[in-house]
Amino acid sequence: MSLIWQADFYRSPLQNVEGQVLWELLVCDETRSFEFTASCLQSQANSTWLVQQLQLAGKDKLPDVIQVFRPQSLSLMTIAANNLGIRVEATRRTLALKQWLAAKQYSLTMDKLPPLPLPENLWGEEWRFATIPSGDIVDEFAERLIPFLQIPEFLKPINLGLASTVPIPGVVIYGGRKSMRLAQWLKESQPVSLNYIAGAPDGLVLEAGLVDKWVLVTFTDEEVTVAGKLYQERKQLSRGLHFLLVQPDDSGMTYSGLWLLQDED
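Residues numbered from 1 in each chain as written. Predicted model: local features only at pLDDT ≥ 70, side-chain atom pairs only at ≥ 80, totals over all residues. Heavy atoms only, no water.

A. Spotlight on helix α2 (residues 71–83). At methionine 77, α2 shows its largest bend, some 30°. The set of residues buried in α2 consists of Ser73, Met77, Ala80 and Ala81. Elements in contact with the buried residues of α2: β1 (4–15), β2 (21–29), α1 (47–57), β4 (65–68) and β5 (87–90). Among the residues trailing α2, glycine 85 stands out with phi positive, at a value near 70°. (Bend = angle between axes of the 7 residues up to and from the residue. Helix = DSSP H or I, 4+ residues; strand = E, 2+ residues; numbered from the N terminus. Buried < 20%, exposed > 50% of the residue type's maximum accessible area, 1.4 Å probe, protein only. Contact = heavy atoms within 4.5 Å.)

B. Geometry of the layout of surface pockets. Within this model, the largest pocket holds a volume of roughly 1,300 Å³. Together, 41 residues line the largest pocket, and Thr91, Arg92, Arg93, Thr94 and Phe154 are the ones closest to its centre. Of all the secondary-structure elements, those providing two or more residues to the lining of the largest pocket are β5, α3 (95–103), β8 (148–150), β10 (191–197) and β14 (257–262). Of the residues assigned to the lining of the largest pocket, the class counts are 18 nonpolar, eleven polar and twelve charged. (1 Å grid on protein atoms, 1.4 Å probe; cavity = no way out; pocket = protein on both sides within 12 Å on 5 of 7 lines; lining within 4 Å. Points joined across faces, edges and corners; volume = space filled by probe spheres on them. Nonpolar A, V, L, I, M, F, W, Y, C, P; charged D, E, K, R; others polar.)

C. Spatial organisation of the pattern of salt bridges. In total, this model carries nine salt bridges according to the counting rule given. One salt bridge in this structure joins aspartate 8 and arginine 70, with 2.9 Å as the shortest N-O distance. Taken together, the residues aspartate 8 in strand β1 and arginine 70 in the loop between β4 and α2 connect sequence positions 62 residues apart. Through salt bridges with shared partners, a single ionic network connects Arg92, Glu207, Lys213 and Glu264. (Salt bridge = Lys/Arg side-chain N within 4 Å of Asp/Glu carboxyl O.)

D. Broad picture of the packing of aromatic side chains. The final tally for this structure, using the stated rule, is ten aromatic pairs. Ring geometry for tyrosine 10 and tryptophan 23: centres 6.0 Å apart, planes at 65°, overall edge-to-face. Taken together, the residues tyrosine 10 in strand β1 and tryptophan 23 in strand β2 connect sequence positions 13 residues apart. Comparing tyrosine 10 with tryptophan 23, the two get one shared label, buried. Taking 5.0 Å as the distance between ring centres and 80° as the angle between the ring planes, the aromatic pair formed by tryptophan 185 and tryptophan 214 counts as edge-to-face. (Phe/Tyr/Trp six-rings, centres within 6.5 Å; stacked < 30°, edge-to-face > 60°.)

E. Looking closely at the pairing of strand β3 (residues 35–41). Of the pairings in the sheet, the one linking β2 to β3 comprises seven bridges and is antiparallel in character. Bridge pairing in β3 places glutamate 24 opposite serine 39. If you look at the hairpin formed by β2 and β3, you'll find five residues sitting between the two strands, and arginine 32 has a positive phi there, around 60°. (Pairing = 2+ DSSP bridges.)

F. Fine view of the sheet that holds strand β9 (residues 167–174). In space, the five strands of this open sheet follow the order β7-β9-β13-β14-β8, with mixed pairing throughout. Either end of the sheet is taken by a strand with one partner, and the two such strands are β7 (126–133) and β8. Ignoring which end each strand starts from, the neighbouring axes of this sheet average 25° apart. Taken together, the five bridges between β9 and strand β13 (residues 241–247) define a ladder with parallel strand orientation. Each residue of the ladder has a partner; that of tyrosine 174, found in β13, is glutamine 247. Across the face of the sheet, helix α5 (residues 179–189) comes into contact with β8, β9, β13 and β14 while running at roughly 145° to β13. (Axes fitted to C-alpha atoms, helices over the stretch in contact; angles between N-to-C directions.)

G. Geometry of the environment of leucine 216. Tracing the backbone through its elements, the reader meets leucine 216 in strand β12 (residues 212–219). Since its relative accessible area comes to 8%, leucine 216 is described here as buried. Considered as a pair, leucine 216 and leucine 182 are 34 residues apart in the sequence and their alpha carbons are 11 Å apart. Residues within four places of leucine 216 in sequence aside, it is in contact with Leu118, Trp123, Ile173, Leu194, Leu204 and Leu206.

H. Quick look at a negative patch on the surface. A grouping of Glu125, Glu126, Asp249 and Asp250 is seen on the molecular surface, where their side chains present a negatively charged patch. Relative to the assigned elements, glutamate 125 resides in the loop between β6 (116–117) and β7. Taking relative accessible area as the criterion, glutamate 125 reaches 60% and is therefore assigned exposed. (Patch = residues over 30% accessible without salt bridge, like charges linked within 9 Å, V, L, I, M, F, W, Y side chains within 5 Å. Areas by Shrake-Rupley, 256 points an atom, 1.4 Å probe, with all protein chains shown as cover. Lys, Arg positive; Asp, Glu negative; His and termini not counted. Charge placed at Lys NZ, Arg CZ, Asp CG, Glu CD.)

Here is the structure:
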């Protein structure tokens, strides 16, 4: 079983006695049974210092993976981790670390750019809102030969305590000949959540990567708007769990990609 750390290295609200800005390294495991902190002057905040601190933190055992949620931490952490043979995973899903930062009243806000339109060469032929019963969503797809399948253990309905009858809302895209290309792009973009956004026009916005946003589709049809609002309401009943399914057509014979997603807290 892989040993996973979650880490943040960023400018902290702390200062030294001379009033100089300090950078703070926070490292924990997924249960916070292990925690490590260290700080340095901004002038010392480099990969060499990070390597030394990670070695101190892992004096008993270095991790296999370090998860990083903050874009400003990613580059330095990747360089330091590579020097130690550790893989870095860029992910927003660093719950333990974010809880620790919140308890310390440290900022978790990050600059987010406006959403970009989905590249035109990727968009499929049709799309629709859909639901799948909680008890069926894993079994329905886990045994199928789906090229891009993301069903993380922590997002399985049973691990979220959802009753088997709860409808899991989602969006199905019929990609036609572009289906595999769209699924490949989604895999590389690392989907996090897909939200209905009211506006003029309304739309579906995909949160992806660490801070990326993509407009998948816009619409003005009143019936679709009603369905979009229902989709968001259902997510409240499913603890934010939802899905994105890409398939070439509506035959139900072949699928290109499935992602289980969850709204961020």
